Amino acid sequence: MTAQASRSDLETATPEIGDVDTYMERLGQGAREAATRMRRVDTAAKNAALLAMAEGLGQARGEVLAANTRDLARGRESGLDEALLDRLALDDARLDAMIEGLSQVAALPDPVGEIDGLRSRPSGIQVGQMRVPLGVIGIIYESRPNVTMEAASLCLKSGNAAILRGGSEARESNAAIAACIRAGLAQAGLPEGAVQVVATTDRAAVGRLISMPEYVDVIIPRGGKSLIERITREARVPVIKHLDGVCHVYVDASADLDKALAIAVNAKTQRYGTCNTMETLLVDAPVAETLLPKLSAAYAEHRVELRGCERTRAILGDIAPASEADWQAEYLAPVLAIRVVEGIDAAMDHIERYSSRHTDAIVTENYTLARRFLAEVDSSSVIVNASTRFADGFEYGLGAEIGISTDRLHARGPVGLEGLTTRKYVVLGDGQVRQ
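Residues numbered from 1 in each chain as written. Predicted model: local features only at pLDDT ≥ 70, side-chain atom pairs only at ≥ 80, totals over all residues. Heavy atoms only, no water.

## Considering the overall build of the chain
- When helices and strands are tallied, the chain shows 16 helices and 16 strands.
- Relative to the compact-globule value of 22 Å for 435 residues, the chain shows a C-alpha radius of gyration of 24 Å, a close match.
- Judged by the C-alpha coordinates and their principal axes, the chain covers about 70 × 70 × 40 Å. (Helix = DSSP H or I, 4+ residues; strand = E, 2+ residues; numbered from the N terminus. Rg over C-alpha atoms; globule rule 2.2 N^0.38 Å.)

Here it is as C-alpha cells:
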C-alpha cells in the first residue's frame, strides 16, 4: 500500500455516517443539549463517570492495545515519521497513566459553582463571580490517542460537553477508548452527548466542527503547525491554541554545572516528540568550555545531532553549523541547536526573538537573575532550575491537560479544569432597589 493510497483510504467517511454535514449537525445538537443538562450535574455524578471510565479502560486494556497495534502497523506502512509514531504508541505504562489521570481528575476539586471576590457594595448588594462551564468544546488532535481520554475527563469534570475529533492515524485506538467513555457515561447516568468522539475520518468533519458557533463555544486544536494554522485561519469559533514549542534552556555562569548537565540532557532527551522538549540550548560564555564537552558526550550517548554557533563549534569541533532556520526550529527529533551567549541579557534577547512563548528555563544559582528571568521572559511557562519537560498539566497537578495555550486570552499555559470554565457575575441582595 502506498502512502497516498493509505491516506485516501483513511479519509473515506465511515459508511454508517452518511452525509458528513448532517452527521456533524447531529453531534452538535447532541452536545448542546448535553451541555444544558451538564450544568445540573453534581460533582458526585461526574466523579462516578470518571471512575467508571478508569475501571472500563483497565478492563479493556487488551482491546485498546490491540487496536493501537493495528494503528501503528498502518502508520508505519503509510510512512509516519518516528515522532508521530511515538505520539501514536500506547503501552501498559501509558495506559496506566491514562487511568491514573482519570482518578486524579476525579479527586480534584470541582471548580464549577465556586464564587470568589464576593464584596459588599454601598447599596447593600453583594457582588461576586461564579465559575461556570464554557459550554461545548470541540477538540481536534493528531496522533495521540491518550488525548481522547484526557480531553473527555477534563471537559466532563468542568461541566462541559465535548466533541472530540482524533487523527485518522489513531482511528482504531480512539474507537476503543470511546467505547470506554460511553460505558462510563451510561453507568453514571450522564447524557451520551456529554462526550462524543467523531466516528468519521473525513476531513470535512473538521471544517464543519470549526464552523458551528450555534453548537460549539470553543475549539482547541492539538497537533502539528499546519493543523493549528488551518484551524486558526478557518474557524468561526474562538480558538485556544499554540503553534510551536520552540523551548529554550539558558545555563547561566553561576549555575551548578551538575544540575545544568542533568537538566539540559533531560529537557532534550526524555522525549523528543513533545512540545515542551528543549530545542535550543543557550550557554553563558564563562562556563561554555567546561560544560559543553560534558554535554556533547552525554548527547552522543543519546545520538542527538548537535548544531552550533561559531563559538560552540570552536569548543566542540566537528558539529554542524547552526543556521537562522535552526534557531526557529521545533525539531521534535534528536537534534539540538546550541548558542554561546554573553550573559542573561543576550540570552533573553535570543529568547525574545526566537521563542514561541511556550516554555523557557534558566539554570542559575543567582537569585536576582532568576527573578529577572521569571519577570522578563514572556512565555506561558517560565522555569528556574528544572527541565522544560515539566511544562505539563499532569506535572502541574491539573490531573491532565486539554492542551497548552500560548495565547493570552482566554487561558495560558497548560489548560486544566479552570481553563475550561469562565466566570459570570452573581449578585446577592435582600430586596434592594436602585435609587
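## Here we look at the UniProt feature "domain: Aldehyde dehydrogenase" (unreviewed entry) in the chain
- Under the feature "domain: Aldehyde dehydrogenase" (unreviewed entry), the UniProt entry names residues 29–304.
- Span residues 29–304 is 52% helix and 16% strand, its end C-alpha atoms 49 Å apart. (UniProt positions renumbered as here; feature names shortened; annotations may be inferred.)

## Quick notes on the environment of Asp19
- Inspection of the secondary structure puts Asp19 in the loop between α1 (3–10) and α2 (20–38).
- For Asp19 and Lys225, which are 206 residues apart along the polypeptide, the C-alpha to C-alpha distance reads 29 Å.
- Polar contacts involving the side chain of Asp19 include one to the main-chain amide nitrogen of Asp21, which spans 3.3 Å. (Polar contact = N/O pair within 3.5 Å; in protein donor to acceptor, adjacent residues only side chain to side chain.)

## Concerning the pattern of salt bridges
- Taken as a whole and judged by the stated rule, the model has 28 salt bridges.
- A salt bridge links Arg307 to Glu305, with the nearest nitrogen and oxygen atoms 2.9 Å apart.
- Using a relative accessible area of 37% as the deciding quantity, one classes Glu305 as partly exposed.
- Linking Arg372 and Asp345 is a salt bridge whose minimum nitrogen-to-oxygen distance equals 2.8 Å. Residue Arg372 is located in helix α16 (residues 367–376), and its partner Asp345 is located in helix α15 (residues 343–354); the two are separated by 27 residues in the primary sequence.
- For Arg372, a relative accessible area of 25% corresponds to the partly exposed category. (Salt bridge = Lys/Arg side-chain N within 4 Å of Asp/Glu carboxyl O. Buried < 20%, exposed > 50% of the residue type's maximum accessible area, 1.4 Å probe, protein only.)

## Quick word on a positive patch on the surface
- Among the surface-exposed residues, Arg37, Arg39, Arg40 and Lys424 lie close enough to one another that they form a single positively charged patch.
- With respect to the helices and strands, Lys424 occurs in strand β16 (residues 421–428).
- For Lys424, a relative accessible area of 43% corresponds to the partly exposed category. (Patch = residues over 30% accessible without salt bridge, like charges linked within 9 Å, V, L, I, M, F, W, Y side chains within 5 Å. Areas by Shrake-Rupley, 256 points an atom, 1.4 Å probe, with all protein chains shown as cover. Lys, Arg positive; Asp, Glu negative; His and termini not counted. Charge placed at Lys NZ, Arg CZ, Asp CG, Glu CD.)

## So, the packing of helix α6 (residues 92–107) against helix α7 (residues 146–157)
- In contact at an axis separation of 10 Å, α6 and α7 are set at 10° when each is read in the N-to-C sense. Taken together, α6 and α7 sit at an angle that is classed as roughly parallel. On α7, the residues touching Met98, Leu102, Val105, Ala106 and Ala107 of α6 are Asn146, Met149, Ser153, Leu154 and Lys157.
- Among the residues forming the contact of α6 with α7, the class breakdown is seven nonpolar, two polar and one charged. (Axes fitted to C-alpha atoms, helices over the stretch in contact; angles between N-to-C directions. Parallel < 35°, antiparallel > 145°, perpendicular 65-115°, else oblique. Contact = heavy atoms within 4.5 Å. Nonpolar A, V, L, I, M, F, W, Y, C, P; charged D, E, K, R; others polar.)

## Let's talk about the nonpolar core
- Core analysis: the largest hydrophobic core is formed by 49 residues, its most contacted members being Ile139, Met149, Leu164 and Ile402.
- Ranked by residues supplied to this core, first place goes to α7 with seven residues.
- If we ignore the near neighbours within four places in the chain, the residues touching Ile139 are Ala151, Cys155, Ile163, Leu164, Arg165, Ile220 and Ile402.
- With 38 residues, the next largest nonpolar core counts Leu316, Val335, Ala337 and Ile383 among its residues. (Core = buried A, V, L, I, M, F, W, Y, C linked by side-chain atoms within 4.5 Å.)

## Remarks on a nonpolar patch on the surface
- On the surface, a nonpolar cluster with roughly 240 Å² of combined accessible area is contributed by Ile115, Leu118 and Leu428.
- Mapped onto the secondary structure, Ile115 falls in strand β1 (residues 115–120).
- Ile115 sits in the partly exposed class, given a relative accessible area of 42%.

## Observations concerning the pairing of strand β6 (residues 218–222)
- In terms of burial, β6 is largely enclosed, as five of its five residues are buried.
- Burial along β6 is two-sided: Val218, Ile220 and Arg222 and Ile219 and Pro221, pointing in opposite directions, are all buried.
- The pairing of strand β3 (residues 136–141) with β6 spans five bridges and is classified as parallel. In the sheet register, Ile140 faces β6, and the bridge partner there is Pro221. (Pairing = 2+ DSSP bridges.)

## Considerations on the sheet that holds β16
- The antiparallel open sheet is built from three strands, whose spatial order is β1-β2-β16. Strand pairing shows two members of the sheet lacking a second neighbour, β1 and β16, which therefore form its edges. Averaged over all pairs of adjacent strands, the angle between their axes in this sheet comes to 20°, without regard to strand direction.

## Quick look at α16
- Looking at α16, one finds that the buried residues are Leu369, Ala370 and Phe373. Projected onto a plane normal to the axis of α16, the buried residues spread over an arc of 105° and lie on a single side. Among the exposed residues of α16, those oriented more than 90 degrees off its buried face are Tyr367, Thr368 and Ala375.
- The inward-facing, buried residues of α16 abut β7 (247–251), α15, β12 (359–363) and β13 (381–384).
- N-capping of α16 is provided by Asn366, with a side-chain oxygen placed 3.0 Å from the backbone N of Thr368. (Arc of directions from axis to C-beta.)

## Side note on the side chain of Asp407
- Note on placement: Asp407 falls in the loop between β14 (404–405) and β15 (413–414).
- In this structure the side chain of Asp407 is engaged in a polar contact, spanning 3.0 Å, whose partner is the side chain of Lys241.
- When sequence neighbours within four positions are dropped, the list of residues in contact with Asp407 reads Val239, Ile240, Lys241 and Arg412.

## Regarding the pairing of strand β11 (residues 335–341)
- Of all seven residues making up β11, six are buried, and the element is well covered by its neighbours.
- With five bridges connecting them, strand β8 (residues 278–284) and β11 associate as parallel partners. Directly across from Asp284, in β11, lies its bridge partner Val341.

## Observations concerning the packing of α15 against α16
- For the pair α15 and α16, interaxial distance at closest approach is 11 Å and the crossing angle is 20°. Relative to α16, the element α15 is oriented roughly parallel. Of the two possible hands of crossing, α15 and α16 adopt the one that is right-handed. Contacts between α15 and α16 involve Ile344, Asp345, Met348 and Ile351 from the first element and Leu369, Arg372, Phe373 and Glu376 from the second.
- Its residues assigned to classes, the contact of α15 with α16 shows five nonpolar, no polar and three charged. (Left-handed = near helix turned anticlockwise from the far one by under 90°.)

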